Amino acid sequence: MPLLRRKRKPEPVVEEPEAPKLPDPPEPGAGGLRAMADHRAYLLSCIEPLPPFGQQILDSVGLSLCEDVVAGVSMPRFDNSAMDGYAVRAADVQNATEQTPVSLPVVGEVQAGSPAPHTLSPGTAMKIMTGAALPEGADAIVPYEATDRGAEDVRINEPSINGQHVRRVGEDVNEGDTVLRAGDRLTSRSIGLLAAIGVDQVMVRPRPRVVVVSTGSELVEPGLALQNDQQIYDSNSYMLAAAAKAAGAQVFRVGRVPDDPAQLKQVISDQLVRADLILTTGGVSQGDYDIVKQVLPELGPCDFSGVAMQPGKPQGFGLIGEDQTPIIMMPGNPVSAFVSFEAFVRPVLRKLAGVEPFVRPTVRLTAARAITSVPGKLQFARGVVRTDDQGHRTVDLAGGHGSHLLGGLSLSDALLLIDEETDFVAAGDEIDCWLLGEDN
Ligand SMILES: Nc1nc2c(c(=O)[nH]1)N[C@H]1C(S)=C(S)[C@@H](COP(=O)(O)OP(=O)(O)OC[C@H]3O[C@@H](n4cnc5c(N)ncnc54)[C@H](O)[C@@H]3O)O[C@H]1N2
Ligand code: MOO
């Protein structure tokens, strides 16, 4: 009997998952370089705010609230005394003076946290402490200082009026009031308010988890001895970790990785699990050992471009790994890295955390001296702000233009933005600045 040929099953069509892509980048301008604002807008367009979660209020300071908060209790919760003294009926003491004091029997005492022992009858007084509930029948408080502090009877030397030194229920916040709104950034003051209305947890966007890696075989960890004349200390990973922390991030500083592609790939891949954003410095220009440019595209779609700014021209961005984690690859020169942080990383961190405005506002300050600039690129000069006796602010240069001048950068508290068209700013002219010391 002939063997029946088994019917061949058609091969299942396996759909290749489409490789993730970045959105089309903005067109470069004259000179083949991308405008700083276009690059920043591009990065922001590739980032979504982190999803909200419930967080203890103490860990929420600086974070962005994702719900309206309605007071479940009034503040004050009950009529209470603003002074240590005696609860009275104002009518009984309205004419009291030093010359014509009024004497009242003291019929009890009320402390903060305890109820009044009974209703206050006309013609009597009750001792009361600050924050204690006003006894029924009382409508004013006479502070100790206006009395002889008597225990059995009290002599009152000053007149009182209805409501004097009484804190009324709900005069601050009423039960049902919306006290904070989605989008508000929580401060120590708002944390205090939340606690006061009995709220211990709120829905907030979390602190972005930021991993900081610096690349370069010349780098040595601060605290260790330099082994030869060509080594330098790794300043970038510390500076950027500090800047990210100050911007509200939870930071993991990995530190330096040598210019070895396999090691870099391994380190970055290992870090993906705990990162909402990865920052690297170095290895993004034209050098033979600029491995960041070489390795990162293996982990996800990347965009390397020249941005019309100085410092900070070479820039890299990618969405890498399974979760398409954003990575911002900055140039290695320390000032370039710092300026890149201010221009791109800080706005991205704020978008991840849902804190507006994403971009630092520019303020116009008067240039204290003439400044020359190289047209064609947005120049970021380092500045020091001074305030005169009249409160007028001027800005002076702190150090030179070079992107290696970390000493000058550390003296500065502002970045001066000199636009692409400008080659000279006269002393007394107004100039756009980012104020670095202010958390705005
Ligand atoms: N032929 C060209 N060369 C360079 C160009 C260019 O367009 N064509 N661009 C220059 C510009 S602008 C910059 S900025 C730098 C950026 O270079 P990389 O990002 O590749 O950075 P590296 O070469 O690795 O380092 C540059 C510089 O910074 C020092 N550095 C690096 N990392 C650290 C750190 N963590 N702490 C302290 N200092 C660090 C490093 O030793 C170098 O001196 O490229 C120009 N070249
Ligand atoms: O653009 Mo580089 O950042 O000037 O030194």
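What counts, and at which threshold
Every chain is numbered independently, its residues counted from 1 as its sequence is written. Chain letters start at A and ligand numbers start at 1, both assigned in the order the entries are written. Whole-chain, interface and lining totals are the exception, using all residues; otherwise, since this is a predicted model, local features are given only for residues with pLDDT of at least 70 and side-chain atom pairs are given and counted only at 80 or more. UniProt positions are given in the numbering used here, feature names are shortened, and annotations may be inferred rather than shown by experiment. Put simply, DSSP H or I for four residues or longer makes a helix, DSSP E for two residues or longer makes a strand, and each gets a number counted from the N terminus. When DSSP finds two or more bridges between two strands, those strands count as paired. The axes are straight lines fitted to the C-alpha atoms, using for helices just the contacting stretch, and the angles between their N-to-C directions are given from 0 to 180°. For each residue, a C-beta atom is placed from the backbone, and the residue is labelled near a molecule or strand when this atom is within 6 Å of it. Residue classes follow a fixed rule: Ala, Val, Leu, Ile, Met, Phe, Trp, Tyr, Cys and Pro count as nonpolar, while Asp, Glu, Lys and Arg count as charged, and any other residue, Gly among them, counts as polar. What pLDDT expresses is the predictor's confidence in each residue, scored from 0 to 100. Each residue is classed by its C-beta neighbour count within 10 Å, where at least 20 other C-beta atoms makes it buried, 12 or fewer makes it exposed, and intermediate counts make it partly exposed; the C-beta atoms are placed from backbone geometry. Each domain's extent was defined by an automatic or database domain assignment. The term nonpolar core refers to a group of buried residues, namely Ala, Val, Leu, Ile, Met, Phe, Trp, Tyr and Cys, whose C-beta atoms join them within 7 Å. With C-beta atoms placed from the backbone, a contact is any residue pair whose C-beta atoms sit within 7 Å.

Colleague: Any chance you could explain the UniProt feature "domain: MoaB/Mog" (unreviewed entry) in the protein here in plain terms?
Modeller: Within this numbering scheme, the UniProt entry marks residues 211-351 as carrying the feature "domain: MoaB/Mog" (unreviewed entry). Helix makes up 32% of residues 211-351 and strand 30%, whereas the separation of the span's terminal C-alpha atoms amounts to 17 Å.

Colleague: What am I meant to see in the sheet that holds strand β12 (residues 209-215) here?
Modeller: In any sheet, the strands associate via hydrogen bonds between backbone groups, in a parallel or an antiparallel arrangement. Judged by pairing direction, the sheet is mixed, and its six strands sit side by side in the order β15-β12-β16-β20-β19-β17 without closing on themselves. Across the chains shown, the open sheet's two edge strands, defined by having one partner strand only, are β15 (250-257) and β17 (302-306). Averaged over all neighbouring strand pairs, the angle between strand axes comes to 15°, with direction disregarded. Judged from the five bridges that link them, β12 and strand β16 (residues 277-281) form a sheet pairing that is parallel. Each residue of the ladder has a partner; that of Val 212, found in β16, is Leu 279.

Colleague: How should I be thinking about the site of ligand 1 in this particular structure?
Modeller: Residues in contact with ligand 1 amount to 26 residues; listed here are only the nearest, Asn 236, Gly 282, Ser 285, Pro 331 and Gly 332. When contributions to the shell around ligand 1 are tallied by element, the ones reaching two or more residues are α4 (236-246) and α7 (334-353). Its residues assigned to classes, the shell around ligand 1 shows seven nonpolar, 15 polar and four charged.

Colleague: How do you make sense of the confidence of the model for the protein when you look at a structure like this?
Modeller: Predicted coordinates in regions of low pLDDT should not be interpreted in detail. Within the protein, residue pLDDT values average 95, and 98% of them lie at 70 or more. Taken over the whole predicted complex, pTM reads 0.88, whereas the ipTM for its chain interfaces reads 0.97.

Colleague: Would you take a moment to explain the pairing of strand β19 (residues 314-320) for this structure?
Modeller: Extensive coverage of β19 is indicated by the burial of seven of its seven residues. Side chains Pro 314, Gly 316, Gly 318 and Ile 320 project from β19 onto one buried face, and the interleaved Gln 315, Phe 317 and Leu 319 project onto a second face that is buried too. Judged from the five bridges that link them, β17 and β19 form a sheet pairing that is antiparallel. Bridge pairing in β19 places Gly 306 opposite Pro 314. Inspection of the sheet shows β19 paired to strand β20 (residues 325-330) by five bridges, in the antiparallel sense. Looking at the pairing, Ile 320 lines up with Thr 325 of β20. From the end of β19 to the start of β20, which pair antiparallel, there are four residues, and Gly 321 there has a positive phi angle of about 75°.

Colleague: Please clarify how the domain arrangement of the protein should be interpreted in this entry.
Modeller: One frequently used descriptor of interface size is the decrease in accessible area upon assembly of the parts. Taken domain by domain, the protein consists of domain 1 (30-50 + 206-353), domain 2 (53-73 + 180-204), domain 3 (80-167) and domain 4 (363-435). On a C-alpha basis, the centroid separation for the pair domain 2 and domain 3 is 38 Å.

Colleague: Help me understand the nonpolar core in this model?
Modeller: As a rule of thumb, nonpolar side chains are buried together in soluble globular proteins. Counting 74 residues, the largest nonpolar core has Val 212, Leu 240, Ala 244, Leu 279, Ile 328, Val 348 and Leu 349 as its most contacted members. Sort the elements by how many residues they give to this core and α7 lands first, with 12 residues. The residues contacting Val 212, other than those within four sequence positions of it, are Ser 237, Leu 240, Ala 241, Ala 244, Val 251, Arg 253, Val 254 and Leu 279. If you look at the next biggest cluster of nonpolar residues, it comprises 24 residues, including Val 93, Ala 116, Ala 138 and Ile 156.

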